[in-house]
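Listed below are the residues making up each chain.
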Amino acid sequence: QQQVKQSPQSLIVQKGGIPIINCAYENTAFDYFPWYQQFPGKGPALLIAIRPDVSEKKEGRFTISFNKSAKQFSLHIMDSQPGDSATYFCAAGRFNNAGNMLTFGGGTRLMVKP
Amino acid sequence: DAGVTQSPTHLIKTRGQQVTLRCSPKSGHDTVSWYQQALGQGPQFIFQYYEEEERQRGNFPDRFSGHQFPNYSSELNVNALLLGDSALYLCASLSLGSLRMNTEAFFGQGTRLTVV
């Protein structure tokens, strides 16, 4: 019930390409879906997040698409750059009186070739 | 404005020992969560502290314990260390008091714990 499945595990694209990372969740109580970017030796940094009341959210070159009925969401990176090479994690959270506990996917290692 | 700070950055301990990791939340944040990230995996939730109390706990044994101080900083303690406890330990903070205004969890850079 608490699992978040992320695919693919790794991804290689050329500069300017549009990598797409997919996630699926099981628990319909989740109501907050962030994406994090992590560079080696660093902590995860929030990229973009979405709530289930919208189907798409765009911030700069990053877009989240959300399909509530399928319990799936995805991250698209437009005009990808070598500097985007990092590990990306999707997560799902549930807000209650105790706050936000995030369940993370397994991560996608993205490499953008020059 | 300082973000989430964690100390130490790296730590090597011997199996069976005890360790304490520390976290200072981002300015304005009152809630601290701890995560364990094994190599090549996503972070796993350990527990969360708000108002100096443990509010939620993940699937971790009682060897993992914590504390939150009045200034919102927090400690993670791990007793009887096992080799499998080797991981990056991440602290995340958020503002629960203004939940509807600021829902993002900000992570620190983590403490790399190696158990030998």
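Bear in mind that the values here come from a model prediction, so they are computed numbers and not experimental data.

Looking now at the environment of B:Asn59. Residues and elements named next belong to chain B. Residue placement: Asn 59 occurs in the loop between strand E6 (53-57) and strand E7 (64-68). On the accessibility criterion, Asn 59 (80% relative accessible area) is exposed. Separated by 15 residues in sequence, Asn 59 and Gln 44 place their C-alpha atoms 8.8 Å apart.

On to empty space enclosed by the protein, then. Summed over all chains, the structure comprises one cavity of 30 Å³ or more. Counted as a void, the largest cavity has a volume near 30 Å³. Lining the largest cavity are A:Asn100, A:Leu102, B:Ser33, B:Tyr35, B:Ala92, B:Leu94, B:Ala105 and B:Phe107.

This brings us to the packing of aromatic side chains. Under the definition given, this model contains 17 aromatic pairs over all chains. Taking 5.7 Å as the distance between ring centres and 85° as the angle between the ring planes, the aromatic pair formed by A:Phe104 and B:Tyr35 counts as edge-to-face. Here A:Phe104, found in strand E10 (residues 99-104), pairs with B:Tyr35, found in strand E4 (residues 31-37), and the two come from separate chains. Between B:Phe60 and B:Phe64 the ring centres are 5.1 Å apart and the planes differ by 70°, which places this aromatic pair in the edge-to-face class. In this structure B:Phe60 comes out as buried when scored by relative accessible area, which is 13%. In textbook terms, an aromatic cluster arises when at least three aromatic residues are bridged by ring pairs, as seen for A:Tyr25, A:Phe30, A:Phe33, A:Trp35, A:Phe66 and A:Phe73. Seen from the ring of B:Phe106, B:Lys26 lies directly overhead, with NZ or CZ sitting 5.2 Å from the centre.

So, how was this worked out
Residues numbered from 1 in each chain as written. Chains lettered and ligands numbered in written order. Predicted model: local features only at pLDDT ≥ 70, side-chain atom pairs only at ≥ 80, totals over all residues. Heavy atoms only, no water. Helix = DSSP H or I, 4+ residues; strand = E, 2+ residues; numbered from the N terminus. Buried < 20%, exposed > 50% of the residue type's maximum accessible area, 1.4 Å probe, protein only. 1 Å grid on protein atoms, 1.4 Å probe; cavity = no way out; pocket = protein on both sides within 12 Å on 5 of 7 lines; lining within 4 Å. Points joined across faces, edges and corners; volume = space filled by probe spheres on them. Phe/Tyr/Trp six-rings, centres within 6.5 Å; stacked < 30°, edge-to-face > 60°. Lys NZ or Arg CZ within 6 Å of the ring centre and 35° of its normal.

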